[in-house]
Amino acid sequence: MGREKSDGCTVPEGSGNRVPIVATRGGKAATDIDRGHVAELPAETAERPKSVGTSAADAPTKEVNEVTMEQVVDEMNLLDAFARVADNRGAPGPDGRTTDDVRRELPGVLRRLQRTLVDGSYRPGIIRRVWIPKAGGGQRGLGIPNVVDRWVQQALLQKLAPVYEPTFHPSSHGFRPGRSCHTAIAQAKKYVAQGRYWMVDIDLEKFFDRVPHQRLLARLRLRIRDGRILRVIGRMLRAKVVMPDGVVMQTEEGTPQGGPLSPLLSNIVLDELDHELERRGHRFVRYADDLSIYIRSESAGQRVFESVSRFLEQRMRLVVNRQKSAVSRPRGRHILGFTIRPNVKKQRVELDLSDRTKTRLRERIKRLTPRTWGQSLRACIGRINLFLRGWAEYFGVAFWAGGTARYADGHIRRRLRAIVLQHWKTTRTIRANLIRLGADPSLTRSVGQGSGSWFRSNDRAVKAGLRNEVFERWGLLSLDTLCAQRLQRGIPSPETTP
(Lines give C-alpha, C1' and ligand atoms only; values in the text may rest on other atoms or scores of the structure.)
Protein backbone atom coordinates (compact mmCIF):
# COMPACT_ATOMS: atom_id res chain seq x y z
CA MET A 1 0.00 0.00 0.00
CA GLY A 2 1.44 3.39 -0.95
CA ARG A 3 2.28 6.07 1.56
CA GLU A 4 -0.23 8.82 2.22
CA LYS A 5 0.49 12.22 0.77
CA SER A 6 1.33 13.61 4.20
CA ASP A 7 3.94 10.92 4.95
CA GLY A 8 7.22 12.55 5.72
CA CYS A 9 5.64 15.99 5.88
CA THR A 10 7.39 18.18 8.43
CA VAL A 11 5.92 21.28 9.95
CA PRO A 12 8.33 23.99 11.21
CA GLU A 13 7.87 24.86 14.84
CA GLY A 14 6.88 28.40 15.68
CA SER A 15 9.48 30.70 17.18
CA GLY A 16 7.05 31.76 19.88
CA ASN A 17 7.61 35.51 19.56
CA ARG A 18 5.47 37.43 21.95
CA VAL A 19 3.12 40.28 21.19
CA PRO A 20 4.82 43.60 22.03
CA ILE A 21 3.68 45.01 25.36
CA VAL A 22 3.35 48.72 25.96
CA ALA A 23 2.77 50.63 29.15
CA THR A 24 -0.67 52.08 29.86
CA ARG A 25 -2.02 54.57 32.34
CA GLY A 26 -1.64 53.41 35.92
CA GLY A 27 1.34 51.20 35.15
CA LYS A 28 -0.79 48.31 33.84
CA ALA A 29 0.65 46.47 30.86
CA ALA A 30 -1.50 45.89 27.81
CA THR A 31 -0.87 44.18 24.52
CA ASP A 32 -1.42 45.86 21.19
CA ILE A 33 -4.69 43.95 20.98
CA ASP A 34 -5.95 45.97 23.96
CA ARG A 35 -5.10 49.14 22.07
CA GLY A 36 -7.39 48.19 19.19
CA HIS A 37 -5.17 46.31 16.76
CA VAL A 38 -3.13 43.14 16.49
CA ALA A 39 0.62 43.49 16.28
CA GLU A 40 2.27 42.36 13.06
CA LEU A 41 3.76 39.04 14.13
CA PRO A 42 6.61 37.25 12.35
CA ALA A 43 5.17 34.95 9.70
CA GLU A 44 6.27 31.72 11.37
CA THR A 45 5.15 32.28 14.97
CA ALA A 46 2.59 29.99 16.56
CA GLU A 47 0.41 33.02 17.20
CA ARG A 48 0.07 33.75 13.49
CA PRO A 49 -0.49 31.23 10.70
CA LYS A 50 2.27 31.06 8.12
CA SER A 51 1.68 33.09 5.01
CA VAL A 52 2.72 30.05 2.96
CA GLY A 53 0.02 27.92 4.58
CA THR A 54 -2.67 30.55 4.49
CA SER A 55 -5.55 29.49 2.31
CA ALA A 56 -7.21 31.69 -0.23
CA ALA A 57 -10.15 31.88 2.13
CA ASP A 58 -8.01 33.84 4.60
CA ALA A 59 -6.94 36.44 2.06
CA PRO A 60 -8.57 39.77 3.04
CA THR A 61 -10.99 41.22 0.52
CA LYS A 62 -12.62 44.58 0.21
CA GLU A 63 -15.97 43.13 1.20
CA VAL A 64 -14.50 41.46 4.30
CA ASN A 65 -12.71 44.65 5.39
CA GLU A 66 -15.99 46.54 5.43
CA VAL A 67 -17.26 44.64 8.51
CA THR A 68 -17.29 47.39 11.13
CA MET A 69 -18.59 48.01 14.61
CA GLU A 70 -21.17 50.38 13.12
CA GLN A 71 -22.72 47.39 11.36
CA VAL A 72 -22.74 45.41 14.60
CA VAL A 73 -24.53 48.17 16.55
CA ASP A 74 -27.10 48.79 13.83
CA GLU A 75 -30.46 48.96 15.61
CA MET A 76 -32.09 46.26 13.50
CA ASN A 77 -29.14 43.94 14.07
CA LEU A 78 -29.22 44.50 17.84
CA LEU A 79 -32.98 44.00 18.07
CA ASP A 80 -32.78 40.79 16.07
CA ALA A 81 -29.90 39.60 18.26
CA PHE A 82 -31.85 40.23 21.45
CA ALA A 83 -34.86 38.38 20.08
CA ARG A 84 -32.68 35.34 19.41
CA VAL A 85 -31.15 35.46 22.87
CA ALA A 86 -34.60 35.73 24.44
CA ASP A 87 -35.90 32.80 22.37
CA ASN A 88 -33.11 30.59 23.75
CA ARG A 89 -34.45 31.17 27.29
CA GLY A 90 -31.02 30.79 28.81
CA ALA A 91 -30.27 31.02 32.50
CA PRO A 92 -29.25 34.39 33.98
CA GLY A 93 -25.58 35.22 34.35
CA PRO A 94 -23.72 36.30 37.49
CA ASP A 95 -25.69 39.57 37.70
CA GLY A 96 -28.96 37.62 38.07
CA ARG A 97 -30.78 39.54 35.34
CA THR A 98 -33.10 37.57 33.07
CA THR A 99 -34.08 38.40 29.50
CA ASP A 100 -37.40 39.74 30.84
CA ASP A 101 -35.50 42.13 33.12
CA VAL A 102 -33.46 43.43 30.18
CA ARG A 103 -36.55 43.66 27.95
CA ARG A 104 -38.23 46.04 30.40
CA GLU A 105 -35.27 48.42 29.98
CA LEU A 106 -34.58 47.59 26.35
CA PRO A 107 -34.54 51.09 24.76
CA GLY A 108 -32.09 52.46 27.33
CA VAL A 109 -29.83 49.40 27.33
CA LEU A 110 -29.77 49.40 23.50
CA ARG A 111 -28.66 53.03 23.31
CA ARG A 112 -26.03 52.44 25.97
CA LEU A 113 -24.68 49.44 24.11
CA GLN A 114 -24.51 51.36 20.85
CA ARG A 115 -22.55 54.14 22.50
CA THR A 116 -20.11 51.99 24.50
CA LEU A 117 -19.38 49.57 21.65
CA VAL A 118 -18.61 52.39 19.22
CA ASP A 119 -16.46 54.47 21.59
CA GLY A 120 -14.65 51.38 22.95
CA SER A 121 -15.75 51.69 26.58
CA TYR A 122 -17.82 48.47 26.61
CA ARG A 123 -16.64 45.99 29.23
CA PRO A 124 -18.11 42.47 29.45
CA GLY A 125 -19.07 41.20 32.89
CA ILE A 126 -17.75 38.11 34.61
CA ILE A 127 -18.88 34.64 33.53
CA ARG A 128 -20.66 32.10 35.75
CA ARG A 129 -19.07 28.65 35.63
CA VAL A 130 -21.48 25.71 35.60
CA TRP A 131 -20.39 22.07 35.64
CA ILE A 132 -22.48 19.53 33.77
CA PRO A 133 -21.84 15.76 33.68
CA LYS A 134 -20.31 14.34 30.51
CA ALA A 135 -21.89 11.23 29.04
CA GLY A 136 -18.55 9.44 29.01
CA GLY A 137 -17.73 10.37 32.60
CA GLY A 138 -16.29 13.48 34.20
CA GLN A 139 -17.62 17.01 33.92
CA ARG A 140 -17.73 19.70 31.27
CA GLY A 141 -17.50 23.35 32.23
CA LEU A 142 -19.95 25.83 30.73
CA GLY A 143 -19.54 29.58 30.95
CA ILE A 144 -22.80 31.50 31.35
CA PRO A 145 -22.34 35.21 30.50
CA ASN A 146 -24.77 37.91 31.55
CA VAL A 147 -27.77 38.43 29.27
CA VAL A 148 -26.39 41.72 27.93
CA ASP A 149 -23.05 40.07 27.10
CA ARG A 150 -24.84 37.22 25.31
CA TRP A 151 -26.74 39.89 23.41
CA VAL A 152 -23.49 41.49 22.25
CA GLN A 153 -22.04 38.11 21.29
CA GLN A 154 -25.13 37.32 19.21
CA ALA A 155 -24.90 40.69 17.47
CA LEU A 156 -21.25 40.01 16.62
CA LEU A 157 -22.11 36.50 15.44
CA GLN A 158 -24.75 37.78 13.01
CA LYS A 159 -22.18 39.98 11.28
CA LEU A 160 -19.11 37.74 11.51
CA ALA A 161 -20.73 34.44 10.50
CA PRO A 162 -21.49 35.57 6.92
CA VAL A 163 -17.82 36.51 6.58
CA TYR A 164 -16.42 33.15 7.69
CA GLU A 165 -19.14 30.62 6.86
CA PRO A 166 -18.66 30.59 3.04
CA THR A 167 -14.95 29.80 3.42
CA PHE A 168 -15.12 27.05 6.06
CA HIS A 169 -14.05 23.66 4.79
CA PRO A 170 -16.88 21.40 3.55
CA SER A 171 -15.68 18.60 5.84
CA SER A 172 -16.49 20.75 8.88
CA HIS A 173 -20.03 20.03 10.11
CA GLY A 174 -20.31 21.41 13.64
CA PHE A 175 -22.48 24.46 14.39
CA ARG A 176 -22.99 25.37 10.75
CA PRO A 177 -26.21 26.10 8.86
CA GLY A 178 -27.33 23.21 6.68
CA ARG A 179 -24.94 20.79 8.38
CA SER A 180 -25.31 18.51 11.37
CA CYS A 181 -24.15 15.28 12.95
CA HIS A 182 -26.13 13.45 10.29
CA THR A 183 -24.27 15.13 7.41
CA ALA A 184 -20.99 14.30 9.15
CA ILE A 185 -21.98 10.64 9.44
CA ALA A 186 -23.09 10.59 5.77
CA GLN A 187 -19.69 11.86 4.71
CA ALA A 188 -17.91 9.31 6.91
CA LYS A 189 -19.98 6.52 5.32
CA LYS A 190 -18.98 7.77 1.89
CA TYR A 191 -15.28 7.52 2.73
CA VAL A 192 -15.65 4.00 4.13
CA ALA A 193 -17.59 2.99 1.02
CA GLN A 194 -14.57 4.14 -1.01
CA GLY A 195 -12.49 1.43 0.66
CA ARG A 196 -10.99 3.50 3.48
CA TYR A 197 -11.50 0.83 6.13
CA TRP A 198 -9.20 2.41 8.72
CA MET A 199 -9.75 5.62 10.63
CA VAL A 200 -7.57 7.92 12.69
CA ASP A 201 -9.74 9.05 15.58
CA ILE A 202 -8.14 12.10 17.23
CA ASP A 203 -9.42 13.41 20.55
CA LEU A 204 -8.46 16.97 21.50
CA GLU A 205 -8.13 17.19 25.26
CA LYS A 206 -10.14 20.08 26.74
CA PHE A 207 -10.06 21.93 23.43
CA PHE A 208 -12.43 24.75 24.43
CA ASP A 209 -10.37 25.39 27.57
CA ARG A 210 -7.00 25.52 25.80
CA VAL A 211 -7.43 27.69 22.72
CA PRO A 212 -4.55 30.24 22.73
CA HIS A 213 -6.06 33.72 22.77
CA GLN A 214 -3.27 35.40 20.83
CA ARG A 215 -3.43 32.82 18.06
CA LEU A 216 -7.22 33.10 17.77
CA LEU A 217 -7.10 36.90 17.64
CA ALA A 218 -4.32 36.79 15.05
CA ARG A 219 -6.49 34.61 12.82
CA LEU A 220 -9.40 37.01 13.28
CA ARG A 221 -7.09 39.85 12.24
CA LEU A 222 -6.60 38.17 8.84
CA ARG A 223 -10.23 38.87 7.99
CA ILE A 224 -11.46 41.64 10.33
CA ARG A 225 -9.79 45.04 10.21
CA ASP A 226 -11.93 46.99 12.69
CA GLY A 227 -9.86 47.06 15.88
CA ARG A 228 -12.92 47.72 18.02
CA ILE A 229 -14.37 44.33 17.10
CA LEU A 230 -11.09 42.60 17.93
CA ARG A 231 -10.83 44.48 21.20
CA VAL A 232 -14.34 43.45 22.30
CA ILE A 233 -13.70 39.80 21.43
CA GLY A 234 -10.38 39.89 23.26
CA ARG A 235 -12.07 41.24 26.38
CA MET A 236 -14.73 38.56 26.16
CA LEU A 237 -12.08 35.86 25.94
CA ARG A 238 -10.27 37.24 28.99
CA ALA A 239 -13.39 37.85 31.08
CA LYS A 240 -13.06 36.58 34.63
CA VAL A 241 -14.96 33.47 35.68
CA VAL A 242 -16.77 32.99 38.99
CA MET A 243 -16.69 29.36 40.09
CA PRO A 244 -19.61 27.59 41.86
CA ASP A 245 -17.86 28.13 45.22
CA GLY A 246 -17.67 31.88 44.60
CA VAL A 247 -13.96 32.05 43.72
CA VAL A 248 -13.24 34.43 40.83
CA MET A 249 -10.53 33.29 38.41
CA GLN A 250 -8.68 35.03 35.61
CA THR A 251 -8.98 33.47 32.11
CA GLU A 252 -5.65 33.02 30.34
CA GLU A 253 -6.74 30.72 27.49
CA GLY A 254 -9.79 29.02 26.03
CA THR A 255 -13.16 30.02 24.59
CA PRO A 256 -15.83 29.48 27.25
CA GLN A 257 -18.68 27.26 26.09
CA GLY A 258 -22.07 28.77 26.73
CA GLY A 259 -22.03 32.00 24.72
CA PRO A 260 -23.41 32.40 21.18
CA LEU A 261 -20.01 33.36 19.74
CA SER A 262 -18.03 30.37 21.08
CA PRO A 263 -18.96 27.87 18.29
CA LEU A 264 -17.90 30.28 15.56
CA LEU A 265 -14.59 31.03 17.30
CA SER A 266 -13.86 27.31 17.67
CA ASN A 267 -14.49 26.76 13.95
CA ILE A 268 -12.22 29.68 13.09
CA VAL A 269 -9.41 28.11 15.12
CA LEU A 270 -9.84 24.60 13.67
CA ASP A 271 -10.37 25.80 10.09
CA GLU A 272 -6.59 26.07 9.88
CA LEU A 273 -6.40 22.34 10.67
CA ASP A 274 -9.06 21.56 8.06
CA HIS A 275 -7.16 23.25 5.25
CA GLU A 276 -3.88 21.69 6.35
CA LEU A 277 -5.48 18.24 6.15
CA GLU A 278 -6.82 19.10 2.70
CA ARG A 279 -3.37 20.24 1.61
CA ARG A 280 -2.01 16.86 2.67
CA GLY A 281 -4.67 15.07 0.64
CA HIS A 282 -6.58 13.48 3.53
CA ARG A 283 -10.24 12.50 3.64
CA PHE A 284 -11.61 13.58 6.99
CA VAL A 285 -14.72 14.56 8.90
CA ARG A 286 -14.76 17.11 11.70
CA TYR A 287 -17.64 18.01 13.98
CA ALA A 288 -16.49 20.72 16.42
CA ASP A 289 -13.45 19.14 18.12
CA ASP A 290 -14.28 15.56 17.04
CA LEU A 291 -11.94 14.64 14.19
CA SER A 292 -11.70 11.40 12.20
CA ILE A 293 -9.45 10.79 9.19
CA TYR A 294 -10.16 7.87 6.86
CA ILE A 295 -7.18 5.85 5.63
CA ARG A 296 -6.68 2.70 3.54
CA SER A 297 -4.19 0.89 5.79
CA GLU A 298 -3.21 0.67 9.44
CA SER A 299 0.45 1.55 8.81
CA ALA A 300 -0.56 4.71 6.93
CA GLY A 301 -2.96 5.53 9.76
CA GLN A 302 -0.16 5.37 12.33
CA ARG A 303 2.00 7.72 10.27
CA VAL A 304 -0.90 10.13 9.75
CA PHE A 305 -1.73 10.09 13.47
CA GLU A 306 1.82 11.03 14.47
CA SER A 307 2.11 13.70 11.76
CA VAL A 308 -1.24 15.36 12.52
CA SER A 309 -0.59 15.16 16.28
CA ARG A 310 2.69 17.04 15.80
CA PHE A 311 0.90 19.72 13.80
CA LEU A 312 -1.78 20.11 16.49
CA GLU A 313 0.62 20.21 19.41
CA GLN A 314 3.58 22.11 17.97
CA ARG A 315 1.86 24.40 15.50
CA MET A 316 -1.58 24.99 16.98
CA ARG A 317 -0.62 24.56 20.66
CA LEU A 318 -3.42 22.11 21.34
CA VAL A 319 -3.21 18.86 23.30
CA VAL A 320 -3.98 15.46 21.79
CA ASN A 321 -5.41 12.94 24.26
CA ARG A 322 -3.46 9.87 23.19
CA GLN A 323 -5.36 7.57 25.54
CA LYS A 324 -8.68 8.30 23.83
CA SER A 325 -7.27 8.68 20.31
CA ALA A 326 -6.77 5.57 18.21
CA VAL A 327 -6.05 4.11 14.79
CA SER A 328 -8.65 1.41 14.24
CA ARG A 329 -11.43 0.06 12.09
CA PRO A 330 -14.54 2.28 12.04
CA ARG A 331 -16.65 -0.55 13.42
CA GLY A 332 -16.62 -0.34 17.19
CA ARG A 333 -15.55 3.32 17.39
CA HIS A 334 -17.97 5.86 18.84
CA ILE A 335 -18.57 8.38 16.03
CA LEU A 336 -21.14 10.95 17.14
CA GLY A 337 -23.16 8.16 18.78
CA PHE A 338 -22.86 5.72 15.87
CA THR A 339 -20.49 3.08 14.59
CA ILE A 340 -19.93 2.29 10.90
CA ARG A 341 -20.19 -1.31 9.69
CA PRO A 342 -18.95 -2.17 6.19
CA ASN A 343 -21.08 -5.03 4.84
CA VAL A 344 -18.75 -6.56 2.25
CA LYS A 345 -21.17 -9.34 1.33
CA LYS A 346 -23.95 -6.91 0.41
CA GLN A 347 -21.47 -4.28 -0.80
CA ARG A 348 -22.84 -1.48 1.33
CA VAL A 349 -21.96 0.47 4.45
CA GLU A 350 -24.40 0.32 7.37
CA LEU A 351 -24.84 2.37 10.50
CA ASP A 352 -25.15 0.81 13.93
CA LEU A 353 -25.42 2.27 17.42
CA SER A 354 -22.25 2.47 19.47
CA ASP A 355 -22.05 0.58 22.76
CA ARG A 356 -21.96 3.89 24.59
CA THR A 357 -25.23 4.95 22.97
CA LYS A 358 -26.94 1.72 23.98
CA THR A 359 -25.76 2.10 27.57
CA ARG A 360 -26.99 5.70 27.71
CA LEU A 361 -30.40 4.62 26.38
CA ARG A 362 -30.83 2.07 29.17
CA GLU A 363 -29.74 4.59 31.79
CA ARG A 364 -32.13 7.24 30.47
CA ILE A 365 -35.09 4.83 30.47
CA LYS A 366 -34.31 3.96 34.07
CA ARG A 367 -34.31 7.63 35.08
CA LEU A 368 -37.59 8.28 33.24
CA THR A 369 -39.42 5.36 34.88
CA PRO A 370 -38.60 5.32 38.61
CA ARG A 371 -40.60 2.75 40.53
CA THR A 372 -41.41 5.43 43.10
CA TRP A 373 -43.12 7.60 40.44
CA GLY A 374 -45.65 9.67 42.37
CA GLN A 375 -47.58 11.31 39.55
CA SER A 376 -50.12 9.89 37.11
CA LEU A 377 -49.13 7.20 34.66
CA ARG A 378 -50.11 9.45 31.74
CA ALA A 379 -47.64 12.08 32.96
CA CYS A 380 -44.90 9.43 32.98
CA ILE A 381 -45.84 8.26 29.49
CA GLY A 382 -45.79 11.86 28.28
CA ARG A 383 -42.19 12.25 29.45
CA ILE A 384 -41.20 8.99 27.83
CA ASN A 385 -42.82 9.90 24.50
CA LEU A 386 -41.00 13.22 24.39
CA PHE A 387 -37.67 11.43 24.84
CA LEU A 388 -38.50 8.64 22.36
CA ARG A 389 -39.38 11.11 19.59
CA GLY A 390 -36.08 12.95 19.99
CA TRP A 391 -34.04 9.76 20.27
CA ALA A 392 -35.62 8.24 17.15
CA GLU A 393 -35.18 11.44 15.16
CA TYR A 394 -31.42 11.33 15.77
CA PHE A 395 -30.56 7.62 16.06
CA GLY A 396 -33.32 6.24 13.83
CA VAL A 397 -31.11 6.75 10.77
CA ALA A 398 -29.04 3.73 11.85
CA PHE A 399 -29.83 0.57 9.89
CA TRP A 400 -29.32 -1.60 12.98
CA ALA A 401 -31.23 0.58 15.45
CA GLY A 402 -34.33 -1.62 15.25
CA GLY A 403 -33.03 -4.36 17.55
CA THR A 404 -32.09 -1.90 20.26
CA ALA A 405 -35.42 -0.11 19.84
CA ARG A 406 -37.43 -3.34 20.24
CA TYR A 407 -35.53 -4.22 23.40
CA ALA A 408 -36.13 -0.70 24.73
CA ASP A 409 -39.88 -0.96 24.03
CA GLY A 410 -40.15 -4.16 26.06
CA HIS A 411 -38.04 -2.76 28.88
CA ILE A 412 -40.13 0.42 29.06
CA ARG A 413 -43.38 -1.55 29.22
CA ARG A 414 -42.07 -3.73 32.05
CA ARG A 415 -40.95 -0.73 34.05
CA LEU A 416 -44.36 0.89 33.50
CA ARG A 417 -46.05 -2.30 34.72
CA ALA A 418 -43.97 -2.06 37.89
CA ILE A 419 -45.13 1.54 38.38
CA VAL A 420 -48.79 0.56 37.84
CA LEU A 421 -48.53 -2.28 40.36
CA GLN A 422 -46.93 0.12 42.83
CA HIS A 423 -49.89 2.50 42.36
CA TRP A 424 -52.47 -0.28 42.79
CA LYS A 425 -50.73 -1.34 46.02
CA THR A 426 -52.89 -4.20 47.39
CA THR A 427 -53.15 -7.68 45.90
CA ARG A 428 -56.93 -7.44 45.84
CA THR A 429 -56.87 -4.24 43.78
CA ILE A 430 -54.23 -5.65 41.43
CA ARG A 431 -56.28 -8.77 40.69
CA ALA A 432 -59.52 -6.83 40.16
CA ASN A 433 -57.88 -4.36 37.76
CA LEU A 434 -56.12 -7.07 35.77
CA ILE A 435 -59.40 -8.97 35.29
CA ARG A 436 -61.09 -5.73 34.22
CA LEU A 437 -58.34 -5.24 31.62
CA GLY A 438 -58.95 -8.72 30.19
CA ALA A 439 -56.63 -11.06 32.09
CA ASP A 440 -57.78 -14.64 32.76
CA PRO A 441 -59.10 -14.79 36.36
CA SER A 442 -57.40 -18.14 36.88
CA LEU A 443 -54.03 -16.58 36.16
CA THR A 444 -54.45 -13.76 38.65
CA ARG A 445 -54.32 -16.13 41.63
CA SER A 446 -50.55 -16.12 41.56
CA VAL A 447 -50.30 -12.34 41.50
CA GLY A 448 -49.07 -10.88 44.76
CA GLN A 449 -46.88 -13.80 45.72
CA GLY A 450 -43.71 -12.09 44.54
CA SER A 451 -41.37 -10.04 46.66
CA GLY A 452 -41.95 -6.71 44.92
CA SER A 453 -43.44 -4.80 42.02
CA TRP A 454 -40.48 -5.48 39.70
CA PHE A 455 -40.74 -9.23 40.25
CA ARG A 456 -44.51 -9.20 39.77
CA SER A 457 -44.25 -7.06 36.61
CA ASN A 458 -43.08 -10.19 34.75
CA ASP A 459 -46.02 -12.33 35.94
CA ARG A 460 -48.14 -13.93 33.19
CA ALA A 461 -51.35 -12.38 34.48
CA VAL A 462 -49.78 -8.91 34.71
CA LYS A 463 -48.45 -9.15 31.14
CA ALA A 464 -51.84 -10.41 29.95
CA GLY A 465 -53.72 -7.55 31.60
CA LEU A 466 -51.16 -4.81 30.97
CA ARG A 467 -50.42 -5.98 27.42
CA ASN A 468 -49.00 -3.92 24.59
CA GLU A 469 -52.42 -2.85 23.29
CA VAL A 470 -53.31 -1.36 26.66
CA PHE A 471 -50.20 0.83 26.68
CA GLU A 472 -50.90 1.90 23.11
CA ARG A 473 -54.40 2.89 24.23
CA TRP A 474 -52.86 4.91 27.02
CA GLY A 475 -50.73 6.79 24.46
CA LEU A 476 -47.31 5.08 24.74
CA LEU A 477 -45.31 5.35 21.51
CA SER A 478 -43.23 2.53 20.08
CA LEU A 479 -39.56 3.35 19.63
CA ASP A 480 -39.27 0.57 17.05
CA THR A 481 -42.03 2.16 14.94
CA LEU A 482 -40.53 5.64 15.27
CA CYS A 483 -37.09 4.37 14.19
CA ALA A 484 -38.56 2.51 11.19
CA GLN A 485 -40.31 5.69 10.06
CA ARG A 486 -37.12 7.71 10.51
CA LEU A 487 -35.04 5.17 8.58
CA GLN A 488 -37.39 5.45 5.61
CA ARG A 489 -36.69 9.19 5.37
CA GLY A 490 -32.98 8.43 5.10
CA ILE A 491 -29.90 10.29 6.24
CA PRO A 492 -29.17 13.71 4.73
CA SER A 493 -25.94 14.21 2.84
CA PRO A 494 -23.77 17.34 2.87
CA GLU A 495 -24.21 19.59 -0.12
CA THR A 496 -20.59 19.16 -1.18
CA THR A 497 -17.80 16.84 -0.14
CA PRO A 498 -14.20 16.91 -1.26
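Keep in mind that this is a model prediction, so the values were computed, not measured.

Student: Would you mind going over the sheet that holds strand 9 (residues 290-295) with me for this structure?
Tutor: Paired through their backbone hydrogen bonds, the strands of a sheet run either parallel or antiparallel. Read across the sheet, four strands follow the order 8-9-5-10 without closing on themselves; strand pairing throughout is antiparallel. Of all the strands in the sheet, the pair left with one neighbour each is strand 8 (283-287) and strand 10 (326-328). Pairwise comparison of adjacent strand axes, ignoring direction, gives a mean angle of 15° for this sheet. Summarising the sheet, strand 8 and strand 9 pair through five bridges and their orientation is antiparallel. By the bridge assignment, Val285 is partnered in strand 9 with Ser292. Together, strand 8 and strand 9 form the strand contacts of helix 10 (residues 262-279), whose direction differs from that of strand 8 by roughly 170°.

Student: I tried to follow the packing of aromatic side chains on my own but got confused; where do I start?
Tutor: To describe a pair of aromatic rings, you give the distance between the ring centres and the angle between the ring planes. Taken as a whole, this structure holds 11 aromatic pairs when the rule is applied. Summarising the aromatic geometry, the rings of Tyr394 and Phe395 are spaced 4.6 Å apart at their centres and angled 85° between planes, so their arrangement reads as edge-to-face. Feature note: the residues Phe338, Trp391, Tyr394 and Phe395 constitute an aromatic cluster, connected by ring pairs. The ring of Trp400 has Arg341 sitting right over it, with the charged end atom 4.4 Å from the ring centre. A cation over a ring is seen here: Arg414 above Trp454, with NZ or CZ 3.9 Å from the ring centre.

Student: Can you help me understand the pairing of strand 3 (residues 127-133) in this one?
Tutor: The side chains of a regular strand alternate between the sheet's two faces. As defined by bridge partners, strand 3 adjoins strand 6 (residues 241-242) across two bridges and the pair is classed as parallel. Bridge pairing links Ile127 to Val241 in strand 6. Pairing of strand 3 with strand 4 (residues 139-144) involves six bridges; the strand directions are antiparallel. Looking at the pairing, Arg128 lines up with Ile144 of strand 4.

Student: Just to check I follow, could you spell out the nonpolar core for this structure?
Tutor: If you look at soluble globular proteins, the nonpolar side chains tend to sit buried side by side. In terms of nonpolar packing, the biggest core is built from 66 residues, with Trp151, Ile202, Ile233 and Ile293 touching the most fellow members. Dropping the residues within four chain positions of it, Ile233 is found in contact with Leu156, Leu160, Leu217, Leu220, Leu261 and Leu265. Counting residues in each nonpolar core, the second largest holds 56 residues, with Cys181, Ala188, Tyr287 and Ile335 among its members.

Student: I tried to follow the confidence of the model for the protein chain on my own but got confused; where do I start?
Tutor: Detailed reading of the predicted model is not advised wherever pLDDT is low. Per-residue pLDDT for the protein chain averages 84, and the proportion of residues at 70 or more is 84%. Overall, residues 1-54 carries pLDDT values under 50, and its contacts beyond four positions in sequence, including any with other chains, amount to 109 contacts. With pLDDT under 50 throughout, residues 59-65 is counted as low confidence; its partners more than four residues away or in other chains account for seven contacts.

Student: Just checking my understanding: could you explain the sheet that holds strand 3 for this structure?
Tutor: An order of 4-3-6-7 is seen for the four strands of this open sheet, with the pairing classed as mixed. Looking along the sheet, the strands with just one partner apiece sit at the ends: strand 4 and strand 7 (248-249).

Student: Explain the environment of Asn468 to me, please; I cannot follow it from the model alone.
Tutor: Relative to the helices and strands, Asn468 resides in helix 18 (residues 468-473). As a C-alpha pair, Asn468 and Arg413 span 55 residues in sequence and 7.7 Å in three-dimensional space. Filtering out sequence-adjacent residues up to four positions away, Asn468 remains in contact with Arg413 and Arg417. Of note is the side chain of Asn468, whose polar atom sits 2.9 Å from the side chain of Arg413.

Student: Is there a simple way to think about the pattern of salt bridges in this case?
Tutor: Opposite charge on two side chains allows them to pair when their charged atoms are near. Summed over the entire model, instances satisfying the criterion amount to 23 salt bridges. Note that Glu393 and Arg486 form a salt bridge whose closest N and O atoms lie 3.4 Å from each other. Of this pair, Glu393 sits in helix 13 (residues 377-395) while Arg486 sits in helix 19 (residues 479-489); the two residues are 93 residues apart in sequence, bridging distant segments of the chain. With relative accessibility at 40%, the residue Glu393 sits in the partly exposed group. Accessibility expressed as a relative area gives 6% for Arg486, which makes it buried. Taken together, the shared-partner salt bridges in this structure form one network comprising Glu70, Asp226 and Arg228.

Definitions and limits used
Residues numbered from 1 in each chain as written. Predicted model: local features only at pLDDT ≥ 70, side-chain atom pairs only at ≥ 80, totals over all residues. Heavy atoms only, no water. Pairing = 2+ DSSP bridges. Helix = DSSP H or I, 4+ residues; strand = E, 2+ residues; numbered from the N terminus. Axes fitted to C-alpha atoms, helices over the stretch in contact; angles between N-to-C directions. Contact = heavy atoms within 4.5 Å. Phe/Tyr/Trp six-rings, centres within 6.5 Å; stacked < 30°, edge-to-face > 60°. Lys NZ or Arg CZ within 6 Å of the ring centre and 35° of its normal. Core = buried A, V, L, I, M, F, W, Y, C linked by side-chain atoms within 4.5 Å. Buried < 20%, exposed > 50% of the residue type's maximum accessible area, 1.4 Å probe, protein only. pLDDT = per-residue confidence, 0-100. Polar contact = N/O pair within 3.5 Å; in protein donor to acceptor, adjacent residues only side chain to side chain. Salt bridge = Lys/Arg side-chain N within 4 Å of Asp/Glu carboxyl O.

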